[in-house]
Amino acid sequence: MAKTDSSSGSAPEDASADRLSTAPVEETGPSGAGSFGGVRRPGLLGALGWGLREATGWLRWFWRQLTSMRVALILLLLLSLATIPGSLIPQTSVDSVKVDDWKKGHQALTPAFEKLQLFHVYSSVWFSAVYILLFISLIGCIVPRTWQFVGQLRSRPPRAPRRLDRMPAYATWRTEADPEQVLARAGRLLKGKRFRTEPGEGSVAGEKGYLREAGNLVFHVSLIVLLVAFASGQLWKSEGGKLIVQGDGFSNTLTQYDDFKSGSLFTPADLPRFSFFLDDFEATYEVTGPQRGTPRTYAAHVTYYKGTDNTPHKTTIKVNDPLVIDGSKIYLQGHGYAPVVTVKDGKGNVAYQGAVASLPLDSNITENVVLKVPDFRDKEGAKDQVGFTGLFIPTLDERTGTMLSQFPDLVSPGMVLTAFHGSLGMDSGVPQSVYKLDVSKMKQFTKPDGKSKLSQLLRVGQTMNLPNGGTLHFDGIKPWATFQISQKPGDGPALAGAVAAILGVAGSLFIQRRRVWVRAVRAADGSTVVELAGLGRSESAKVPEELADLAAALQTDAPPVPDDPSTSDAPPTPDEGADTTEPSESSEGARA
Amino acid sequence: MNLAAATNENLAHISNVLIYSAMAVYTLAFLAHIAEWVFGSRSAVGRTAAAITATPRQAVTVTVKSGSAGGGTAVLERPKVITRTAPGGRDDVPDGPGAAGTSEQGDLYGRIAISLTVLAFALHAGGVLTRALSVQRAPWGNMYEFSCTFGMVAVGVYLCLLAARKNIRWLGLPLVTTVLLDLGLAVSVLYTASDQLVPALHSYWLWIHVSCAIISGASLYVGAVSTLFYLLRDRYEERLAKGEAGPDAPEGKPEQQSADGGWLRLGVKAQLAMDSALSRLPSAGTLDKFGYRINATVFPLWTFTIIAGAIWAEAAWGRYWGWDPKEVWSFITWVAYACYLHARATAGWKGRKAAYLGLFAFACYVFNYYGVNFLFGGKHSYSGV
Ligand code: HEM
């Protein structure tokens, strides 16, 4: 039984052997009349005074409750339970698409769930309430315990209790050696074992293992550090994605991002200045076996520029290996292919030239191709916008009869396109996705026979001819990569807090706080009675072991003499039931 | 290239054979353990009951024999240290004699079971090792490999504790049963052919994170079984104290047994068998302490596991914490264990209540492993199922 709860009857009788821990003692609630005692005087003033007393009394009671071990325990349990729903219900912060799907599937439940903030559990009012209460409790617990601990550090080990044989571990023998000599030797021994010692009258007291309490406090403080670091990270973070085709670049301003999220205290001025270019992208895939096509390595070779400095730096970004510039981290997220095309209009002028970044549809990188060409004139020179849609297939196997890629690498790339003309609807003012073609105001081109739709398989170097005179030439293929660029303050402190937490909790759990007393007094027959006792913070096999070591060492200078049964004033022998056994193996372990 | 691939498949095949052989030997060990429990006798009841009903023993003397002091000849008798537990409570109940009771035959079966377990462990370890060689990386890239390694480490922890002469033989039967279930699930449902890793799993933090998770889990398992047995044994000791079990208990008397109907008699028999098994376990106090020590020892490691995982997530996905289901359940497990440790230090919560919290915490660990992988997927979707 741990001696933490000295309130229970198991505490040793002597006050000196009391608490070895600064854990709070359980409080009992207010009781009796007038909640906190005191008389209520007549009149307004009396009532006011009484009310005030009552209020502060209750406040104090509430505070003591909140910072008690029992409430901390209940709050911890609540925290673990409150965390569960967030893993069962899709969360907006994790996967908003999944949330929308879920809402569609459970329309009856959705309003109630939204009221309960179940789609963002970890920022909900009720979840916050639990952990904020817990952390208030934690602070309310740490502060008094720290003072208590400082007090313990400054105080000396308490005097030996009157009856050492009542202590959890006890040893005694008689010797011819002088009591002073024995005590001096015991003091040296204890010091040698790095006990803090305090000589007393006919006895020496020693205490050791203060690091346990220190470790415990460090652990609990570092939990606060972790929380603050995490919270500030959430408030000031920013995170955005960018797709870059080989040869293109990015500079870190808000307008360049494809999508961007930030914490509520973030301002665009917080973005550090840098830019980088994607020089090349390499991917390798499993070629054989059941996992054929599974990616094995991704590497993006980039050139980057820091701040306003014009010196180029070259590096490679890999999946687990982000590029760090001024606290911003650039992660490689995904990749695909961009067919490079040249579109000429009916007059033979180049209407579009460049790469068409296309989004993958499956793991073999079959891609959806969309190209909009707004500045286009037909044979007669009349304005006629055109749009292309289709698939890009890195490994097209025509034997399979499917237009789906068979492998993610560029083994036999092909592109199947169909084309529309009319109005792309780009000037309607509604922002449009570049990855979607709105064909509501367009007509699909047909083949010369006028009936079947125009669609064509193109290999690199081939050309598609449009009935209105335009052409699309498939020039080549460039890879692209997507990057996530994030800046998160608080990572450093979070890591420091985490490391401190581990060290602290290890200290708290592995170090044993204990006290040892040695007493040597001259008996009536002239011999010296030596008594040793040990008290651990929890019952540990280590304390008797250590006491035995100490006794053995002491006996080299104070060898025991055989007990003379006739001597009357022998130290009180332990109870009759005492039993000599080998040390019980099962009671060693963590506390050791 | 082709040659290398061929050796890999060979090794993977050897690994599978070894795992199946290990399962076969574990099954034999399982049967031997059953025999140990069945043939073991129930003689400790008297001892335990006497300890509970008589005035509790107050003190125990520990004599520690030390080796030679110098020169290597004289063996010193070390001083006697008298230990005493707090008065009251049932802290002084002696441990049961173990699964075999005092029966020599039972003990023999127990020894056979342990020998078989050692053999099975060797095969098991060989299976894991060849698997690792065949994929040329740490053997925990998918749930199949994770399960195999997990079972191996759990048996390893048990054998280490045995080798350290801890009183832990009672754990043999539940452990072997669990490992058989674990491996059975691994080879039937979770099996994934040996292969390389996707880029996100290439990181030495993965190595650290997962190995710590496996060691933590295997040790927490031992702690949880101890806690569970503590609850059973505690009930039993309570009944002993009230005179409802043990040699003088009403249902132990023959006239009572024949008086009632068949079902009732069956129930009484089951109860007696259960009591017989429980009487051979270590005392509730010992089991409780043992479970606590394991859990407390593992807690810092589990904390580290989560932090290592966060560092890995930071490198792979750009955020160290994103409330992914796996992360959520690791966190829940961690908080639940913190809760358990607090309960142990809080008056009115230590004992049974703390034990329930400890079991809840372990259930969270298990759910994090099986439940999350099957139900949610999430970013940790390496299960390969
Ligand atoms: C934020 C959540 C908390 C966590 C994760 C946590 C975790 C832990 C852990 C793991 C231990 C075990 C160390 C040991 O047994 O020595 C511990 C001990 C302790 N905690 Fe906390 N704790 C939290 C909050 C609190 C609060 C709010 C209090 C104040 C009431 C508190 C008071 C204590 C005390 C007094 C101990 C030492 C118990 C002993 O002496 O054995 N903790 N805590």
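None of these values were measured; they are calculated from a predicted model.

Reading guide: rules and limits
Residues numbered from 1 in each chain as written. Chains lettered and ligands numbered in written order. Predicted model: local features only at pLDDT ≥ 70, side-chain atom pairs only at ≥ 80, totals over all residues. Heavy atoms only, no water. Helix = DSSP H or I, 4+ residues; strand = E, 2+ residues; numbered from the N terminus. Buried < 20%, exposed > 50% of the residue type's maximum accessible area, 1.4 Å probe, protein only. Areas by Shrake-Rupley, 256 points an atom, 1.4 Å probe, with all protein chains shown as cover. Contact = heavy atoms within 4.5 Å. UniProt positions renumbered as here; feature names shortened; annotations may be inferred. Salt bridge = Lys/Arg side-chain N within 4 Å of Asp/Glu carboxyl O. Patch = residues over 30% accessible without salt bridge, like charges linked within 9 Å, V, L, I, M, F, W, Y side chains within 5 Å. Pairing = 2+ DSSP bridges. Near = heavy atom within 4 Å. Polar contact = N/O pair within 3.5 Å; in protein donor to acceptor, adjacent residues only side chain to side chain. Core = buried A, V, L, I, M, F, W, Y, C linked by side-chain atoms within 4.5 Å. Axes fitted to C-alpha atoms, helices over the stretch in contact; angles between N-to-C directions. Parallel < 35°, antiparallel > 145°, perpendicular 65-115°, else oblique. Nonpolar A, V, L, I, M, F, W, Y, C, P; charged D, E, K, R; others polar. pLDDT = per-residue confidence, 0-100. Phe/Tyr/Trp six-rings, centres within 6.5 Å; stacked < 30°, edge-to-face > 60°. Left-handed = near helix turned anticlockwise from the far one by under 90°. Expected span 1.5 Å × (residues − 1).

Concerning the overall build of chain B
Each helix and strand counted, chain B has 11 helices and two strands in total. Of the regular secondary structure in chain B, the N- to C-terminal order runs α-α-β-β-α-α-α-α-α-α-α-α-α. Taken across its 385 residues, chain B has 57% of its residues classed as buried. Summed over all atoms, the accessible surface of chain B reaches about 15600 Å², with 67% contributed by carbon and sulfur.

Here's the deal with the overall build of chain A
For chain A, the helix and strand inventory stands at 10 helices and 24 strands. Taking as baseline every contact in chain A between residues at least 6 positions apart, the subset at least 24 positions apart corresponds to 65%. As displayed, chain A has an accessible area near 29000 Å², and 58% of this comes from carbon and sulfur atoms.

Observations regarding the UniProt feature "transmembrane region" (unreviewed entry) in chain B
Residue and element names in this part refer to chain B. Residues annotated by UniProt as "transmembrane region" (unreviewed entry) correspond here to residues 17-39, 144-164, 171-192, 204-232, 290-313, 328-347 and 354-376. Along residues 144-164 one finds 95% helix and 0% strand; the C-alpha atoms at either end are 30 Å apart. The straight-line gap between the two end C-alpha atoms of residues 171-192 is 30 Å; of that span, 77% is helix and 0% is strand.

A word on the pattern of salt bridges
Residue and element names in this part refer to chain B. Considering all chains together, one arrives at 25 salt bridges over all chains under this definition. Residue Arg 111 is joined to Asp 107 by a salt bridge in which the shortest nitrogen-to-oxygen separation is 2.9 Å. Taken together, the residues Arg 111 and Asp 107, both in helix α3 (residues 104-135) and four residues apart, mark about one turn of the helix. The class of Asp 107 is partly exposed, set by a relative accessible area of 24%. We note a salt bridge from Glu 238 to Arg 235, for which the minimum N-O separation is 3.5 Å. Of this pair, Glu 238 and Arg 235 both sit in helix α6 (residues 204-242), separated by three residues, roughly a single helical turn.

So, a nonpolar patch on the surface
Residue and element names in this part refer to chain A. Residues Trp 63, Ile 132, Leu 133 and Ile 136 make up a contiguous nonpolar surface patch of roughly 340 Å² in combined accessible area. The biggest single contributor to the nonpolar patch is helix α6 (residues 125-154), with three residues. Relative to the elements of secondary structure, Leu 133 occurs in helix α6. Leu 133 gets classed as partly exposed once you look at its relative accessible area, which sits at 34%.

Observations regarding the pairing of strand β8 (residues 295-306) of chain A
Residues and elements named next belong to chain A. With 11 bridges joining them, strand β7 (residues 274-285) and β8 adopt antiparallel strand pairing. Bridge pairing in β8 places Phe 281 opposite Ala 300. As defined by bridge partners, β8 adjoins strand β9 (residues 313-318) across six bridges and the pair is classed as antiparallel. Note that in β9 the partner of Thr 303 across the bridge is Lys 314. Linking two consecutive strands that pair antiparallel, namely β8 and β9, is a turn of six residues; a positive phi of about 50° is found at Gly 307 within it.

As for the site of the ligand
Near the ligand, the surroundings consist of 27 residues, among which Cys 141, His 220, Ser 508 and Arg 537 of chain A together with His 342 of chain B are the closest. Residues within reach of the ligand are spread across chains A and B. Between a nitrogen atom of the ligand and a side-chain N or O atom of His 220 of chain A, the distance comes to 2.8 Å. One nitrogen or oxygen atom from the side chain of Ser 508 of chain A is found 2.7 Å from an oxygen atom belonging to the ligand.

So, the UniProt feature "transmembrane region" (unreviewed entry) in chain A
Residues and elements named next belong to chain A. Those residues carrying the UniProt feature "transmembrane region" (unreviewed entry) are residues 71-89, 125-147, 217-236 and 492-511 in this numbering. Between the end C-alpha atoms of residues 71-89 there is a gap of 28 Å, over a span that is 89% helix and 0% strand. Helix makes up 95% of residues 492-511 and strand 0%. Its end C-alpha atoms lie 28 Å apart.

Concerning the nonpolar core
Counting 133 residues, the largest nonpolar core has Tyr 26, Val 222, Phe 299 and Trp 334 of chain B as its most contacted members. Beyond its immediate stretch of four places on either side in the chain, Phe 299 of chain B contacts Phe 219, Val 505 and Leu 509 of chain A together with Trp 334, Tyr 337, Ala 338 and Leu 341 of chain B. Of all hydrophobic cores here, the second largest spans 47 residues; its members include Ala 283, Val 369, Phe 376 and Val 386 of chain A.

A short note on unusual backbone geometry
A positive phi angle, close to 50°, is found at Asp 326 of chain A, a residue other than glycine. As for its placement among the helices and strands, Asp 326 of chain A is situated in the loop between β10 (323-325) and β11 (328-344). Unlike most non-glycine residues, Trp 323 of chain B shows phi in positive territory, near 55°. Locating Trp 323 of chain B in the fold gives a position in the loop between α9 (284-317) and α10 (325-344).

Let's talk about the packing of α10 of chain B against helix α11 (residues 352-375) of chain B
All names here are of chain B. Contact pair α10 / α11: the axes reach a minimum separation of 8 Å and the direction vectors enclose 170°. Here α10 lies roughly antiparallel to α11, going by the angle between them. Considering only residue class, the contact of α10 with α11 consists of 18 nonpolar, five polar and two charged.

Points about the confidence of the model for chain A
Residues and elements named next belong to chain A. Averaged over all residues, the pLDDT of chain A equals 83, while 88% of them reach at least 70. The low-confidence segment residues 1-18, where pLDDT is below 50, has 39 contacts with residues more than four positions distant or belonging to other chains. Low pLDDT, under 50, characterises residues 29-33; the predicted model gives this stretch five contacts beyond four residues in sequence or across chains.

Concerning the packing of aromatic side chains
Overall, the coordinates contain 34 aromatic pairs over all chains when judged by the stated rule. Seen in terms of ring centroids, Phe 146 of chain B and Tyr 369 of chain B are 4.7 Å apart; in terms of plane orientation they differ by 35°. Their pairing is tilted. Within this pair, whereas Phe 146 of chain B is found in helix α4 (residues 143-163), its partner Tyr 369 of chain B is found in helix α11, the two being separated by 223 residues in sequence. With a relative accessible area of 6%, Phe 146 of chain B lands in the buried category. Taken together, the ring pairs connect Tyr 122, Phe 127 and Tyr 131 of chain A together with Phe 299, Trp 321, Trp 323, Phe 331 and Trp 334 of chain B into an aromatic cluster.

Considerations on the packing of α6 of chain B against α9 of chain B
When two helices pack together, their arrangement is given by the angle between the helix axes and by the axis-to-axis distance. All names here are of chain B. The N-to-C vectors of α6 and α9 enclose an angle of 155°; their axes lie 7 Å apart at closest approach. By the angle between their directions, the pair α6 and α9 is classed as roughly antiparallel. For α6 against α9, the interelement crossing comes out left-handed. The class makeup of the residues in the contact of α6 with α9 is 21 nonpolar, 10 polar and four charged.

What to know about helix α5 (residues 172-188) of chain B
Across its 17 residues, α5 of chain B extends 24 Å between first and last C-alpha, which sits within 8% of the 24 Å expected from 1.5 Å per residue. All of the buried residues along α5 of chain B are Gly 172, Leu 173, Pro 174, Leu 175, Val 176, Val 179, Leu 180, Asp 182, Leu 183, Ala 186 and Val 187 of chain B.

Description of the environment of Ile 84 of chain A
With respect to the helices and strands, the residue Ile 84 of chain A is situated in the loop between α2 (69-83) and α3 (85-88). In this structure Ile 84 of chain A comes out as buried when scored by relative accessible area, which is 17%. Spatially, the C-alpha atoms of Ile 84 of chain A and Val 121 of chain A are 9.3 Å apart, while their sequence positions differ by 37 residues. Those residues in contact with Ile 84 of chain A, other than ones at most four positions away along the chain, are Trp 329 and Ile 332 of chain B.

Some points on the side chain of Thr 418 of chain A
Residue and element names in this part refer to chain A. When you line up the elements, Thr 418 lands in strand β16 (residues 414-422). The exposure class assigned to Thr 418 is buried, which follows from its relative accessible area of 13%. Within polar-contact distance, the side chain of Thr 418 engages the side chain of Gln 444 at 2.5 Å. Leaving out residues up to four positions away in the same chain, Thr 418 has contacts with Gly 387, Phe 388, Thr 389, Gln 444, Leu 454, Ser 455 and Met 464.

Details of α6 of chain B
Residues and elements named next belong to chain B. In this model, α6 (39 residues) spans 57 Å end to end at C-alpha, consistent with the 57 Å of a helix rising 1.5 Å per residue. Burial within α6 is extensive, with 28 of its 39 residues counted as buried. Of the residues flanking the end of α6, it is Gly 243, one or two places downstream, whose phi is positive at about 80°.

Examining the pairing of strand β4 (residues 238-245) of chain A
All names here are of chain A. When you tally the buried positions in β4, you get eight out of eight residues, the bulk of the element. Side chains Ser 238, Gly 240, Lys 242 and Ile 244 of β4 all project onto a buried face; the interleaved residues Glu 239, Gly 241, Leu 243 and Val 245 project onto the opposite face, where all are buried too. Pairing analysis gives four bridges linking β4 to strand β6 (residues 259-262), with the strands arranged antiparallel. Its bridge partner lying in β6, Gly 241 is registered against Asp 259. Where β4 and strand β20 (residues 471-487) come together, eight bridges link them in antiparallel fashion. By the bridge assignment for β20, Glu 239 is matched with Ser 486.

Thoughts on the sheet that holds β8 of chain A
Residues and elements named next belong to chain A. As summarised here, the arrangement of the four strands in space is β5-β7-β8-β9, forming an open sheet in which the pairing is antiparallel. Only two strands of the sheet have a single neighbouring strand rather than two, namely β5 (249-251) and β9. On average, each strand axis in the sheet is tilted by 30° relative to the strand beside it, whichever way the strands run. Pairing between β5 and β7: three bridges, direction antiparallel. Within the sheet, the bridge partner assigned to Gly 249 lies in β7 and is Phe 277.

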